[in-house]
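Results of the structural survey
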4 protein chains.
Amino acid sequence: MSKVRVGMVGYKFMGKAHSNAYRALPMFFPNAAAKPEMKAICGRNPEGLEQARAQFGWESGETDWRKLIARDDIDLIDINAPSDAHKEIAIEAAKAGKHLFCEKPLALTLEDSKAMLDAAEAAGVKHMVGFNYRFAPAVQLAKKLIDEGRLGEIYHFRAVFLQDWILDPDFPLVWRLQKEIAGSGSHGDLGAHLIDMARFLVGEFKEVVGMGETFIKERPLPTSMTGLSAKGSKDAPRGEVTVDDATLFMTRFENGALGSFEATRFAAGHRCTNSFEINGSKGSVIFDFERMNELQVYFTDDAEDVQGFRRVLATDAAHAYMDAWWPAGHTIGYEHTFTHEVLELMNAIAEDRQPVPNFHDGVKCQEVLEAVERSVQERRWVALQELQ
Amino acid sequence: MSKVRVGMVGYKFMGKAHSNAYRALPMFFPNAAAKPEMKAICGRNPEGLEQARAQFGWESGETDWRKLIARDDIDLIDINAPSDAHKEIAIEAAKAGKHLFCEKPLALTLEDSKAMLDAAEAAGVKHMVGFNYRFAPAVQLAKKLIDEGRLGEIYHFRAVFLQDWILDPDFPLVWRLQKEIAGSGSHGDLGAHLIDMARFLVGEFKEVVGMGETFIKERPLPTSMTGLSAKGSKDAPRGEVTVDDATLFMTRFENGALGSFEATRFAAGHRCTNSFEINGSKGSVIFDFERMNELQVYFTDDAEDVQGFRRVLATDAAHAYMDAWWPAGHTIGYEHTFTHEVLELMNAIAEDRQPVPNFHDGVKCQEVLEAVERSVQERRWVALQELQ
Amino acid sequence: MSKVRVGMVGYKFMGKAHSNAYRALPMFFPNAAAKPEMKAICGRNPEGLEQARAQFGWESGETDWRKLIARDDIDLIDINAPSDAHKEIAIEAAKAGKHLFCEKPLALTLEDSKAMLDAAEAAGVKHMVGFNYRFAPAVQLAKKLIDEGRLGEIYHFRAVFLQDWILDPDFPLVWRLQKEIAGSGSHGDLGAHLIDMARFLVGEFKEVVGMGETFIKERPLPTSMTGLSAKGSKDAPRGEVTVDDATLFMTRFENGALGSFEATRFAAGHRCTNSFEINGSKGSVIFDFERMNELQVYFTDDAEDVQGFRRVLATDAAHAYMDAWWPAGHTIGYEHTFTHEVLELMNAIAEDRQPVPNFHDGVKCQEVLEAVERSVQERRWVALQELQ
Amino acid sequence: MSKVRVGMVGYKFMGKAHSNAYRALPMFFPNAAAKPEMKAICGRNPEGLEQARAQFGWESGETDWRKLIARDDIDLIDINAPSDAHKEIAIEAAKAGKHLFCEKPLALTLEDSKAMLDAAEAAGVKHMVGFNYRFAPAVQLAKKLIDEGRLGEIYHFRAVFLQDWILDPDFPLVWRLQKEIAGSGSHGDLGAHLIDMARFLVGEFKEVVGMGETFIKERPLPTSMTGLSAKGSKDAPRGEVTVDDATLFMTRFENGALGSFEATRFAAGHRCTNSFEINGSKGSVIFDFERMNELQVYFTDDAEDVQGFRRVLATDAAHAYMDAWWPAGHTIGYEHTFTHEVLELMNAIAEDRQPVPNFHDGVKCQEVLEAVERSVQERRWVALQELQ
């Protein structure tokens, strides 16, 4: 088995998720074609970095990503720093001949994401983008049913990504609420996942029309932040929220299916409802990430007296990845999607092929994100062709 | 279409449910083999009776059930007065040549119920007992799947009937909490339904072992009561609760299946969870009356990647009774089970056959009830044979 | 108690539902301020009419609606004939001084619906439109929570009405698929209910943008039709489907909330999923008509360790209408919404006030329907003001 | 932070789960009072052992557990070999002064389990038993609600552990179906978990009455086995199944609550339904391991119009362990219960206190198991006192 020596930029929420995946892979997927070596972790704050390095189990730490890239004992650069940092790091790393694994959204703009793809292609390196939800076994099952024609022709895709973590007007103005760092709000953070899921399962977008809203225009400046949680004070000075709290849009896919999308952080009671439904001529599927081990499946050709959505617990040996984990009925969680993602990454590098999803998928997602933003601003239908 | 002239004893909760069924039948089942005529309603309190008569739409009222029975313009006596009154009325009505429709439990004791069956058989009249839950379309679907062998050999039946209406220790001592009127508590009221369901779907009981409890031993005497609700006062004088608050038992069926039963009025959050699950060698079904239009169905021979319980909404034309009501997906409610029950009663009378379930089923249910009571008292397994 | 003498035009699906409501009202709501008298039913086919008359329990039959209107023993005209007939009947009936109860959609066009409202207002009669879903107790609970401020400020309304009864390309071309009779397809049939629900719960629409599709362009001509089911033949001559199979739209409400709507008849597995979710600053509610006795309710101020959507079974005495029916936990069905609707109608007539919803609500719904249609055609946002 | 040097006996299903927990602990719980060191793994088959050692990440391997115990670089012996091996290893390890972590059931008999407890106590070592389900955050929430009196007085506990992995009569005769190795079947394997859960949440058992069944009496001898899956051949020679396929029992707890238990491997459609419900005077909770991140919670003092079971997703920072993992709404899986279990073990060792649950809990569980077995054999109620 070959080895892939990893240098990772970022050590917060995603850095933790990726680190866990690198650690878990060899134990649960001993037959992976390559094994990650956790060479170096990189971040600007030396103390935070050292704590993360020790906790997550990286061999060394770097406080300057340029130094990380310059190291010749690194094969792959994993980029999960805030979104505004993705572009420069990725391009420089590509130039240095490093393979790339970048969190979504690829960049703040479509233009930037294309530059990243171009750089990676020019350098001839492998590139992957972190749409981890594809790798839930229940989602893989949906994909399989569609690919095998068991849902027939697709008519409808409807998806919502509902959260409620900033519902409190006094929740502080963290970086995810600042356009210059995050690019956009619920749209780029949550909607991007829905868009990728739609591309994965249904196909390319033809045209979109969208609307967005920022319900709370000003928030207290934060004092600290960890993961998605943050601390602030009601009485802190306030700053302007420059991203969307909610973005909705409709689409027509190239294959004629209709799509409905909604991403919001103002849906009380929903911690992480990343959910979609697909209706085809022969059946339907429903997925909700809060019950990520389940896929509801309906077939029109079931006997007429027992037609109904089946609650399939996608933990059997017949389901993707599950023979690597526990016996049937023993569920897995959020983090496992990253382990499966890293499995694809390692296999692709070892097999000298591009992993899926890769920067091309990141660019296509960015096209849709940007088409929706243009539609929101100009209040009109926007064809994807306009951006291509 | 022939007519069946009905005289009904009782005008409370069950009287209302039966009246509605008689009214609804001709509209929704115009092809029923006989049509009920609501001739007379009978109750002891003249005012209450007249109000019920007018409200429910009966032609006339009687305050003495003996007079009702004596009337020659009555074909069928419907008995839904409190349980302690069933026996005498049924026997006298049978002697007078009237068909019988009696609410469950048939009587306070097995002996009494046998006397009622004997009287009905001796008189050659039709007799039905009111196990209405059999007539939910979703339950009929379970029956069909079993009869057609689609669940295979039955291994398990587990059922609970959970309510919470007397959870408050100050809820008054209504008649359903008094042994001399109600016979038993949760056991006869709720457990009887489970037992009948088990007999309907699985078969006869071989032996039982049970346990019971009265959590609240004394309660305030009531001031008034309607349906299952009642009014009382914390400061009212208290009387002894003489029935069980909860009764559990296990059984072995004649066919080797194992059964588990629990009836309680102390299950907070459960208004009317009348639920069962059946596991067979080829599949399973789950029913919960709070979602009475649904049956969950599992088949072992589904394709291995899409095995799961199907949520079948039993409102399609393929489901029992449903073509009489509304289009698929338009649900029905509690009261409809009585309409279907009355349909069976009318058809049976017109076709000169015994309806199902009839007094024989009432007696068999009473056997199990009494076997469980004996088991609770004597703290031992009791074979049904002991009571036969 | 006063009486309202009813003449009803139409005797199919809706005629049956209305008839049942008139029959049920006096039994379950004896305190209604007026009692309906089922005077006459009207339809063009004498045989079908007579069968319906006898089955549903109407005193007499008329084959010409003009004769019905001319009768002086009729106070109220109930119009549930196909949508293209609504306008003329309603206007003539108003001129004749009859109160009006008209099924939705009020008319084929906004203009027609306004003419109907004007006629009713000019005649000074009472007028009601049949948005029956408002009258589900669980929906009434949602309304109550919003009105009492328990959900706070409303941010989101998202609703779908999903059916699958025409998924089969060989399902025949029934009247609901013909624009000249039905006005529109899923949009007017299903979407109209969603729009009314949104107006009822959230408020008026400000602007909309929509999209629509007819997936199956031609279908066999039908040979017969009942309710939503119909018979045809694959080999029958085919005609063009002139209505939408699916229509989606987004909206901004006057109060700033965002709305998402989807109505389709191509959602495999969904017989009648009429579902909405509302997210507010203090909580959320979720309703699904296939489980119409339930409302899921979330409050942000629940203790932090037990926050979650509550599954409220809206069958307690604390819930609207439920003390009229059965004890807590004993569910009701689709038809009960009509009984509650007729209760409002009878009370309003007796109390000399307009019932709610009335023709004004019908017109407002039609405005939104037509704004969406314009948006679909012209591929742009349409402000409701354009149509007012 | 101190270190605990671990030697582990067993490397199959449980060995994998424990290994993962040791690996995950320092990353996710860096503040644990002690850190496990994966010193040595032990098994009889040298090839299988070496593969597991390398895959799971242990420093060394031993093929003789006596040698493992003799090593002075080991502080803790983790025993997850088949149940018949537990006793001897545990007693010898205790004599050698090693702390003990033993999978459930502690031993094949009550007598053996007592001997193990005695040995551990005599040696003054720490001892833990592997009832991992206690450590699901949703279960911890149930415990918290009960301890804080938020469910009031407990009336009912009902639990089922339903699986279907041996439903096929040709599934081979693996060790779990042989009494001399496994001790018992569904009873000791699944029922033991339910019993421990009941003790954890409700309290001690007073008396029990049970029944059991072996539906399939003979099975083909196996050719190989991994985890819960195994390979066999229809045509292989057959052996007798010497354990129960299903065991049911009822109990009265010391505090007066009633309990109902069912463990079966013949429940088609249930891969791993480890579920319980508790009803108290102030509320109820429902847990199902197939949706292990959720606890349904009901409170009687909720406002009367919004009473209902709340679906609490126990992934908030307010829930046990969850701040160590991912943001709210991001679920965890089966394996995480072991990580939490190991956290308790490490903390207890570092703090010089007995972990919970420990061998005392193992013995108490065994008492109930054996009381039920005696009840099944002797067909009578058995008081726990008889075995104490």
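Residues numbered from 1 in each chain as written. Chains lettered and ligands numbered in written order. Predicted model: local features only at pLDDT ≥ 70, side-chain atom pairs only at ≥ 80, totals over all residues. Heavy atoms only, no water.

In this complex, chain A contributes 46 residues to the contact, which on the side of chain C involves 46 residues. Summing both sides of the interface, chain A and chain C together bury roughly 3,600 Å²; the carbon and sulfur share of this comes to 59%. Here chain A and chain C share six salt bridges between them. Across the salt bridge formed by R379 of chain A and E207 of chain C, the nearest N and O atoms sit 2.5 Å from each other. Here chain A is connected to chain C by 18 residue pairs in polar contact (both at pLDDT 80 or more). Taken together, the residues of the side of chain A that touches chain C sort by class into 20 nonpolar, 17 polar and nine charged. (Contact = heavy atoms within 4.5 Å. Buried area = accessible area lost by both parts, 1.4 Å probe. Salt bridge = Lys/Arg side-chain N within 4 Å of Asp/Glu carboxyl O. Polar contact = N/O pair within 3.5 Å; in protein donor to acceptor, adjacent residues only side chain to side chain. Nonpolar A, V, L, I, M, F, W, Y, C, P; charged D, E, K, R; others polar.)

This paragraph deals with the sheet that holds strand β4 (residues 76-79) of chain C. Residue and element names in this part refer to chain C. Within the open sheet, the six strands sit side by side as β3-β2-β1-β4-β5-β6. Their pairing is parallel. Of all strands in the sheet, those bounded by a partner on one side alone are β3 (60-62) and β6 (127-129). Ignoring strand direction, the axes of neighbouring strands in this sheet form an average angle of 25 degrees. Against the sheet, helix α9 (residues 336-350) touches β1 (2-9), β2 (34-42), β4, β5 (99-102) and β6, its axis set at about 110 degrees to β2. Contacts between helix α10 (residues 359-378) and the sheet are confined to β5 and β6, with β6 contributing the most and set at about 40 degrees to the helix. (Pairing = 2+ DSSP bridges. Helix = DSSP H or I, 4+ residues; strand = E, 2+ residues; numbered from the N terminus. Axes fitted to C-alpha atoms, helices over the stretch in contact; angles between N-to-C directions.)

Taken together, the 37 residues of chain C in the interface contact 37 residues of chain B. In total, about 3,400 Å² of surface goes out of reach between chain C and chain B, with carbon and sulfur atoms giving 56% of it. Taken together, chain C and chain B are joined by six salt bridges. Where R291 of chain C meets E294 of chain B, a salt bridge forms, and the shortest distance between an N and an O atom there is 2.7 Å. The set of elements that each furnish at least two residues to the side of chain C that touches chain B consists of α1 (13-28), α2 (46-56) and β18 (308-313) of chain C. Per-element accounting of the side of chain C that touches chain B gives the leading share, nine residues, to α1 of chain C. Along the lines of polarity and charge, the residues of the side of chain C that touches chain B split into 20 nonpolar, eight polar and nine charged.

Residue and element names in this part refer to chain A. With 15 residues, helix α9 (residues 336-350) ought to run about 21 Å at 1.5 Å a step, and its terminal C-alpha atoms sit 21 Å apart, in line with that. Where burial is concerned, most of α9 is hidden: 14 out of the 15 residues are buried. With its phi angle positive at about 55 degrees, D352 sits one or two positions after the end of α9. (Expected span 1.5 Å × (residues − 1). Buried < 20%, exposed > 50% of the residue type's maximum accessible area, 1.4 Å probe, protein only.)

Each copy superposes on the other: chain C lies on chain B with an RMSD of 0.0 Å after a rotation of 180 degrees and an axial shift of 0.0 Å. As the rotation angle and translation indicate, the two copies are arranged about a two-fold axis. Identified as the residue of chain C closest to the rotation axis by C-alpha distance is G333 of chain C, at 2.3 Å. (Least-squares fit on C-alpha atoms with pLDDT ≥ 70 in both.)

This next bit is on the relation of the copies chain A and chain C. Two chain copies here: they are related by a rotation about an axis and a translation along the same axis. If you rotate chain A by 180 degrees and push it 0.0 Å along the axis, it lands on chain C with an RMSD of 0.0 Å. A share of 100% of interface residues in chain A that are also interface residues in chain C marks the association as one of identical surfaces.

Quick look at the domain arrangement of chain A now. All names here are of chain A. Partitioning chain A into domains gives domain 1 (2-130) and domain 2 (137-291 + 293-332 + 365-378). Here domain 1 and domain 2 have C-alpha centroids that lie 25 Å from each other. Counting from both sides, the interface comprises 17 residues of domain 1 and, opposite them, 21 residues of domain 2. Interface of domain 1 and domain 2: buried area, both sides summed, is about 1,500 Å²; carbon and sulfur atoms make up 66% of it. (Domains from an automatic or database assignment.)

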